[in-house]
4 protein chains.
Amino acid sequence: MSLIDTSNAAALSALYLRVRNYTEELSEPLSPEDQTVQSMPDTSPTKWHRAHTTWFFETFILEPYESNFARYDEIYNFLFNSYYVQVGDRFSRPDRGLISRPGAAEIAQYRANVDGRIVALIESADDATRAEIATLLVLGCHHEQQHQELLLMDIKHVLSINPTEPAYSANSANSAYSDSAADGSAPTQPSAPPDLGWVEFEGGVFPIGKNHSDSGFTFDNEGPEHDALIGPFKLADRLITCGEWLNFMADDGYHRAELWLSEGWAYRNEHNWEAPLYWHGSDHGWVMHTLTGTRPVDPNEPVCHVSFYEADAFASWADARLPTEFEWERAAQLHIDAGATAELTPRLHPVVASDSELGLLGQMFGECWEWTGSQYRPYPGFKAPDGAIGEYNGKFMINQMVLRGGCAYTSEGHIRPTYRNFFPAHTRWHLSGVRLAKDS
Amino acid sequence: MSLIDTSNAAALSALYLRVRNYTEELSEPLSPEDQTVQSMPDTSPTKWHRAHTTWFFETFILEPYESNFARYDEIYNFLFNSYYVQVGDRFSRPDRGLISRPGAAEIAQYRANVDGRIVALIESADDATRAEIATLLVLGCHHEQQHQELLLMDIKHVLSINPTEPAYSANSANSAYSDSAADGSAPTQPSAPPDLGWVEFEGGVFPIGKNHSDSGFTFDNEGPEHDALIGPFKLADRLITCGEWLNFMADDGYHRAELWLSEGWAYRNEHNWEAPLYWHGSDHGWVMHTLTGTRPVDPNEPVCHVSFYEADAFASWADARLPTEFEWERAAQLHIDAGATAELTPRLHPVVASDSELGLLGQMFGECWEWTGSQYRPYPGFKAPDGAIGEYNGKFMINQMVLRGGCAYTSEGHIRPTYRNFFPAHTRWHLSGVRLAKDS
Amino acid sequence: MSLIDTSNAAALSALYLRVRNYTEELSEPLSPEDQTVQSMPDTSPTKWHRAHTTWFFETFILEPYESNFARYDEIYNFLFNSYYVQVGDRFSRPDRGLISRPGAAEIAQYRANVDGRIVALIESADDATRAEIATLLVLGCHHEQQHQELLLMDIKHVLSINPTEPAYSANSANSAYSDSAADGSAPTQPSAPPDLGWVEFEGGVFPIGKNHSDSGFTFDNEGPEHDALIGPFKLADRLITCGEWLNFMADDGYHRAELWLSEGWAYRNEHNWEAPLYWHGSDHGWVMHTLTGTRPVDPNEPVCHVSFYEADAFASWADARLPTEFEWERAAQLHIDAGATAELTPRLHPVVASDSELGLLGQMFGECWEWTGSQYRPYPGFKAPDGAIGEYNGKFMINQMVLRGGCAYTSEGHIRPTYRNFFPAHTRWHLSGVRLAKDS
Amino acid sequence: MSLIDTSNAAALSALYLRVRNYTEELSEPLSPEDQTVQSMPDTSPTKWHRAHTTWFFETFILEPYESNFARYDEIYNFLFNSYYVQVGDRFSRPDRGLISRPGAAEIAQYRANVDGRIVALIESADDATRAEIATLLVLGCHHEQQHQELLLMDIKHVLSINPTEPAYSANSANSAYSDSAADGSAPTQPSAPPDLGWVEFEGGVFPIGKNHSDSGFTFDNEGPEHDALIGPFKLADRLITCGEWLNFMADDGYHRAELWLSEGWAYRNEHNWEAPLYWHGSDHGWVMHTLTGTRPVDPNEPVCHVSFYEADAFASWADARLPTEFEWERAAQLHIDAGATAELTPRLHPVVASDSELGLLGQMFGECWEWTGSQYRPYPGFKAPDGAIGEYNGKFMINQMVLRGGCAYTSEGHIRPTYRNFFPAHTRWHLSGVRLAKDS
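Residues numbered from 1 in each chain as written. Chains lettered and ligands numbered in written order. Predicted model: local features only at pLDDT ≥ 70, side-chain atom pairs only at ≥ 80, totals over all residues. Heavy atoms only, no water.

Next up on the list: the relation of the copies chain D and chain C. Two chain copies, one operation linking them: a rotation about an axis together with a shift along it. Between chain D and chain C, the superposition needs a rotation of 180° and an axial shift of 0.0 Å, giving an RMSD of 0.0 Å. In symmetry terms, the pair is related by a two-fold rotation axis. Rotation axis and chain D: the residue whose C-alpha lies nearest the axis is Glu 33 of chain D, separated from it by 2.6 Å. Both copies contact each other with a shared surface, as 100% of the interface residues of chain D are interface residues in chain C too. (Least-squares fit on C-alpha atoms with pLDDT ≥ 70 in both. Contact = heavy atoms within 4.5 Å.)

So this is what it looks like as structure tokens:
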């Protein structure tokens, strides 16, 4: 998402429609039945994502700015509010999969209606109002991009439950998803990665949360910008591969308590984890569920769908540790300064980059979200905005770990070095991998 | 279902197709999304019902009798087996709502395929084989009729979860469901029912399980025929109405422990029951969810969707008791002997009956399943058939209560005085009502 | 308990004190710590049993009859009411093991206080009042005898949790418990039992609930006396032995779904049952926890601590069934008529009986409670008494199975042919065994 | 605990016996029944604490150093290992309250046996061995002091369940517990505290984890010493009082979602929190359960028994925040440098201090554990020791929040500025209070 000239209504509308249409494009391969299922409380049905993102624009832009505003459907404010307590009551999250109506086609109508009204509003607004709207619109677009990623992660989980082993989209000709190794889809990596190398970084006091995104946009939780003291450290120059993970498994990594955090060990035992999520033993070795169907695990691709607990145990086994989020951000910044701009595009949206552009480190952006050793807490001086919009990030700052870097499912323009993703330590239905660090 | 001449292939095929088509007719108002949802472990998605009944014919008729038999899809044997352990593994019941594929349209294809093969098999079979097939075919048709009733009960529950209060079918012109009071749909009863009257029955030793159905068909659990000693008793001449239930509520019936079985009282407290299932308070008094939408509770209609615990507490409050299943069957038999044949058609399939045909008692058949005070145990001498078909009934004979009489959702030809329906004491998503009894 | 002359105060007091002292005798081997633990919601701490039985006399006799009545301690009415809703609120049952105070010694003081007041009341009452009191006193004594049996069953379970494998009482010289085979304690049966024989009984209409106890006492649920129609049947002449149960296990009885009720099969799988409760594999074969410690399973002794689900599966495997409670009572009556009175004493209270007294059947009384195939429902005409005492039995008449015959832990005078014990189908911490039946 | 001359056997023994005897002193008011109960999975029975601390010395000192070592009882190694996976299997933690034997008296014998052997070992060891033993002995003593605090916290919870509202020790004459306001016991604070003041601290890079304890002892998690960058901040000069907490409650603090972390809000709603743990409404206003019985909440005393969720919500309401653990440690260090040594003794062990000794801040040590905003993660360069001892701290470094300062129950010599206590955000049976911070 590039920097927006808020005085340009056409540009604003184009941005808005591009983001909105991409959601529909992602939903297109999915049947009404696919779009209805919620496979666990963490996931949401596809049609819910499509409706909720629409509700966001309706609630935070149309309601305050549209004259003679009336809700498209009053009950939608109840059904499609996710967690904004200040906006009113919400339908129970774990029960989203019990709601058959409105159906997928009705959601399409809802989307079209709100899209038309948003575009009309952009065009009819005076400059001052349009500037206000633009701020919310950009937030809404980034919000929708987050849900685009979730939509893919969630449907991957939904389809993984199904013993028929369905593919989200089997047609690799027209789908970018097929070439994503992180996603676990074909084709495999052409050759083995080089041995793991370590890049050394000096210690010092460095700025954290400094916005370098070309759109100028960041979420509130990425700031305020502040200094942090970082000791000297080394960072692995690529992600851990499935082959390395298989070594961990072969060395009994899933059965050695001394490698694990106590809580992680209990969780592993309760859930009988023996491998990353979506891996299954077969007559031909380990295979894994992907968006394009089930296929063999490729030892050369980055390991994905591991929890923080597993990532931390792996790091212990490898006599290393996970980086802090500050170390990661510092390294990412230097990586970009060294010319790594091309990598900011996730693998689903390939851009050809010359070697010289790739910087110091491999696979920093758009491959797998990388677990850090930092728990998700507010930065010094953080203050959530007033009102319902303030519920966006701050209230989740407890018992979650920060992940950095984006993944193959991340939407274009949605990756930046300051981005703080976060998930609880036990979850792994998101695309999460491992980069190691060490003290220097 | 009338008596079958098994030598007549055309008649057999016609019977089969009539039952099969009715399932599709019932599913017709439902969207693919509607057909996908499972609202609780007790219910199943519509498309699962459609597939499972098809699997039953495929497994118990095509597999043993079709030459060059091959399964339509191997995985369907896993997905659509309900509980027949001897046929192989089954997909986890509470997770049926997580399976988006095969979708509703694919199930239609599966049904068409099996239907074609069954009809071909009927026509090509020699007489001896056709007679064998006919026995299984009639069982399969009755099995499908049970699922037709479940399909309606289940979708009623699915839609009840939805805050948009959807109707299964709003068009009362073309739908028989609209005139069913037991179902809770409009129009309301024209006038208040007469005061509750009591019909007296003499005691004695009487035959139980004596088959009087015109089709000659009964499930194994309805027999063996045997004598039972029944004391003199009185049976109410109609069902308890919603108005009478409102009196029970007004007299604090849901809050007086002394009226309730201990287990029922605990269950009530845990679930905060204050009224029958589907009843909700509104500004205009009690309303209820029905297949045709939400409408006011009609005090003149039979109360429905109450658990055994509630039925038993009501009976205590009314200084009466529930009939035993033997008392009920004895009364039903005499009722029919007195000319009540017309009533054997459930309310969804109305037949005009002259008063003289109606026998001694009102609302005995096809209104609401009537809770009896008898737990569901095998009759003396009961023996389940060998093989997987033997799993049909016998293995459920513990911790369930018997209900008698059929309900408005019951399919035509599926009601008879010996029919033993059964549900656990706490369930109430089925159409279950109350008829009182007393010692004479 | 023999028939009481209610005009004889001394006899009444003696009866009362004999029952009361026996409870203390049973508690004597137990430390304060032992008496405090509740091992699962079904069990209660020893000191709770001692206090609750005291509360029963205080509440149902002292409160209405003692002049200037004052509770020993107001809070005890909350702590030691078990389930009498009409008497007031109760402390949460599953939390009884969290209450360290009052301690075991304080309960002894409570018991002594109430005992003194009861005896004084008996002595000071006029004849009419004493007759009223006597009725309640006898009920209270039978109630306490029920708890004596529960106390032993419960402490057996408490101690079974403990990896130190403690004995309730290791001293077999002074303890009757050591010679009880049903309890699983030493010494073992001297020799193998005879092959299972079958006693035939004619069918007919017979009285059920006819009181033959020498005390004249029965619980309300044993009546009203009424006729029942019983078909001809055969009853096994002894209980199933551990050796026969080992055969069932060796024939894969715990892994063959077709032998089990569906609900039982699910329960077995959830709890991984492989043997009766308290059996454990050891280097020397199956051993079992008993009140006198852990010892080898003796193939000659009756199998004990099996659930209804297991008993029913065993019967299916043996091509037989469980008797109905009416069949059992009819047989027990004829057994007594044939001279079996001596057997009415449970094995913990041995009485030497001449062979001629033993009747038709072996092990009918005082060995193991015998599961019947009858669910626990009220007899025709049953009506619970008014008031709190009416909560004694009636409100539990759902989802429980009837057991007959008494067990080794049953108190003297507490066994009779009409006695209806009841437990849910999945429980097995009580002494429950199996006697088979067949149709004739 | 003062600095140990490890060459002095008598001093070592004296230290050891002083710590060991204090545990028995704390247990002395408790009956065998009290010592048996486990009120929730987080707590442990008193006799378990007494045995586990003994097992620690037996396992980590006697086993490696005693010649001809034999365990006191093999099964104790199973029963009293808490979480040391590398030492062997452990008894299930939530079931500790089901173990009646060994009883309290047997544990006393176990303790005496191990004490005798430890003292003998100290005396007989050569200097080099004694130096090794001393390191483990001091660790064991600090370990036991942690359990002394837990013992009091746990028994407070056990007794709180009891409707008789028992006191741990009612005799305020001989018990130090009576004068602890933080514990909620009488007498009340003589007068209202001064208005909350703020002490300002400059920012900069400061050392963290620098050991200033007089014993020279720290746990591994308190280091390694490292620099941290801290911004300028203000710290409240005393703890939040119950009176201030009542204001929060009166301002609907427990019902305003916008003040709470999302996870905290969900937890509050699930558990219906309306006040700190142990507070109950009464006819005379709020009262609270304490070790000396139930007494009114004193508005002048520090609020205690609040969770992190509540502390964080309170801080939001007060327009402030919780301090980070680094801010707290920096302030504590300056506080001590300003003469606050006397305060390092918790309130249960009062030491009279001259005003001049009290430093900058009030109530920093030994009052209530103070929630910080820092999640419990390893310091840079942290490495757990090898072997089972390495399981002491490191494996719990996830999803817990750091608390600082000690509390009234903390043992003497067990408080220091670097001490990192930690609990999950939802727990509150420990003595935890609130000190506010702000950015400068």
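What follows continues from the structure just given.
Attention now goes to the interface of chain D and chain C. Contacts between chain D and chain C engage 31 residues on the former and 31 residues on the latter. Carbon and sulfur atoms supply 61% of the area buried between chain D and chain C, which totals about 2,200 Å² over both sides. On the surface where chain D and chain C come into contact, there are two salt bridges. Of the charged contacts in the structure, one is a salt bridge between Arg 101 of chain C and Asp 34 of chain D, with a shortest N-O distance of 2.7 Å. Where chain D packs against chain C, one counts 10 residue pairs in polar contact (both at pLDDT 80 or more). Within the residue set of the side of chain D that touches chain C, elements represented by two or more residues are helix H3 (74-79), helix H4 (104-124) and helix H5 (127-160) of chain D. Tallying contributions element by element places H3 of chain D first for the side of chain D that touches chain C, with three residues. When its residues are assigned to classes, the side of chain D that touches chain C shows 19 nonpolar, eight polar and four charged. (Buried area = accessible area lost by both parts, 1.4 Å probe. Salt bridge = Lys/Arg side-chain N within 4 Å of Asp/Glu carboxyl O. Polar contact = N/O pair within 3.5 Å; in protein donor to acceptor, adjacent residues only side chain to side chain. Helix = DSSP H or I, 4+ residues; strand = E, 2+ residues; numbered from the N terminus. Nonpolar A, V, L, I, M, F, W, Y, C, P; charged D, E, K, R; others polar.)

Turning next to the packing of helix H4 (residues 104-124) of chain C against helix H5 (residues 127-160) of chain C. Residue and element names in this part refer to chain C. At a closest axis distance of 10 Å, the pairing of H4 and H5 adopts a crossing angle of 150°. When the axes of H4 and H5 are compared, the pair comes out roughly antiparallel. Crossing of H4 over H5 shows left-handed handedness. Mapping the contact onto sequence places Arg 111, Ile 118, Leu 121, Ile 122 and Glu 123 in H4 and Arg 130, Ile 133, Leu 137 and Glu 144 in H5. When the residues that make up the contact of H4 with H5 are grouped by side-chain class, the tally is five nonpolar, no polar and four charged. (Axes fitted to C-alpha atoms, helices over the stretch in contact; angles between N-to-C directions. Parallel < 35°, antiparallel > 145°, perpendicular 65-115°, else oblique. Left-handed = near helix turned anticlockwise from the far one by under 90°.)

To continue, consider the packing of aromatic side chains. What the rule picks out here adds up to 151 aromatic pairs over all chains. Relative to Tyr 392 of chain D, the ring of Phe 219 of chain D has its centre 5.2 Å away and its plane inclined at 25°; by these criteria the two rings are stacked. Note that Phe 219 of chain D is positioned in the loop between strand E2 (204-208) and strand E3 (226-230) and Tyr 392 of chain D in the loop between strand E8 (369-375) and strand E9 (401-404), a separation of 173 residues in sequence. Sitting above the plane of the Trp 48 of chain B ring, Arg 96 of chain B keeps its charged end 3.6 Å from the centroid. If you follow Arg 268 of chain D out to its NZ or CZ, it ends over the ring of Trp 265 of chain D, 5.4 Å from the centre. (Phe/Tyr/Trp six-rings, centres within 6.5 Å; stacked < 30°, edge-to-face > 60°. Lys NZ or Arg CZ within 6 Å of the ring centre and 35° of its normal.)

To continue, consider the relation of the copies chain A and chain B. When chain A is fitted to chain B, the residual RMSD is 0.0 Å, and the transformation amounts to a turn of 180° plus an axial shift of 0.0 Å. Both copies contact each other with a shared surface, as 100% of the interface residues of chain A are interface residues in chain B too.

What follows is about the side chain of Arg 111 of chain D. All names here are of chain D. Residue position: Arg 111 is located in helix H4. The buried category is assigned to Arg 111, whose relative accessible area is 2%. Every residue in contact with Arg 111, bar those within four places of it in the chain, is listed here: Arg 20, Thr 23, Glu 24, Arg 50, Thr 53, Thr 54 and Glu 144. (Buried < 20%, exposed > 50% of the residue type's maximum accessible area, 1.4 Å probe, protein only.)

A separate point is the sheet that holds strand E11 (residues 432-433) of chain A. All names here are of chain A. Sheet architecture is open: four strands sit in the order E10-E9-E8-E11, paired in mixed fashion. Both edges of this open sheet fall to strand E10 (421-423) and E11, since each of them pairs with a single strand only. Two strands pair when backbone bridges link them, and strand E9 (residues 401-404) and E10 are joined in this way by three bridges, in the antiparallel orientation. Residue pairing in the sheet places Leu 403 in a bridge with Asn 421 of E10. (Pairing = 2+ DSSP bridges.)

A separate point is the pairing of strand E1 (residues 198-201) of chain B. Residues and elements named next belong to chain B. The side-chain alternation of E1 yields one buried face, formed by Val 199 and Phe 201, and one unburied face, formed by Trp 198 and Glu 200. Judged from the four bridges that link them, E1 and strand E4 (residues 233-236) form a sheet pairing that is antiparallel. Bridge pairing in E4 links Trp 198 to Ala 236.

Another point: the interface of chain A and chain B. Across the contact, 31 residues belong to chain A and 31 residues belong to chain B. When the buried surface of chain A facing chain B is broken down by residue, Glu 33, Leu 98 and Arg 101 of chain A rank first, second and third, together holding 32% of it. Between chain A and chain B we count two salt bridges in total. Summed over the shared surface of chain A and chain B, the result is 10 residue pairs in polar contact (both at pLDDT 80 or more). The set of elements that each furnish at least two residues to the side of chain A that touches chain B consists of helix H3 (74-79), helix H4 (104-124) and helix H5 (127-160) of chain A.

Cis geometry is found at the peptide bond from Gly 223 of chain A to Pro 224 of chain A, where omega equals 0°. Take Pro 224 of chain A: it is sitting in the loop between strand E2 (204-208) and strand E3 (226-230). Phi at Asn 272 of chain A takes a positive value of approximately 50°, unusual for a residue other than glycine. On the accessibility criterion, Asn 272 of chain A (56% relative accessible area) is exposed. With a phi angle near 70°, Asp 252 of chain C is a residue other than glycine that sits in the positive phi range.

Bringing the arrangement of the chains into the picture now. Of all C-alpha pairs spanning chain A and chain C, none lies closer than 15 Å, and the two are not in contact. Contact between chain B and chain D is absent, and the minimum C-alpha spacing across the pair is 15 Å.

Now for helix H1 (residues 9-27) of chain B. Residue and element names in this part refer to chain B. With 19 residues, H1 ought to run about 27 Å at 1.5 Å a step, and its terminal C-alpha atoms sit 27 Å apart, in line with that. Residues of H1 that are buried sit in contact with helix H2 (46-65), helix H4 (104-124) and helix H5 (127-160). N-cap assignment for H1: the residue whose side-chain oxygen lies 3.1 Å from the backbone N of Ala 10 is Asn 8. (Expected span 1.5 Å × (residues − 1).)

Let us now look at the environment of Glu 202 of chain B. Along the chain, Glu 202 of chain B turns up in the loop between E1 and strand E2 (204-208). Between the C-alpha atom of Glu 202 of chain B and that of Ser 440 of chain B, which follows or precedes it by 238 residues, the distance is 8.4 Å.

Detailed reading of the predicted coordinates is not advisable wherever pLDDT falls low. On average, chain A scores 91 in pLDDT, and the residues at 70 or more come to 92%. Confidence drops under pLDDT 50 across residues 172-182 of chain A; counting only partners more than four residues distant or on other chains, this segment forms 34 contacts. (pLDDT = per-residue confidence, 0-100.)

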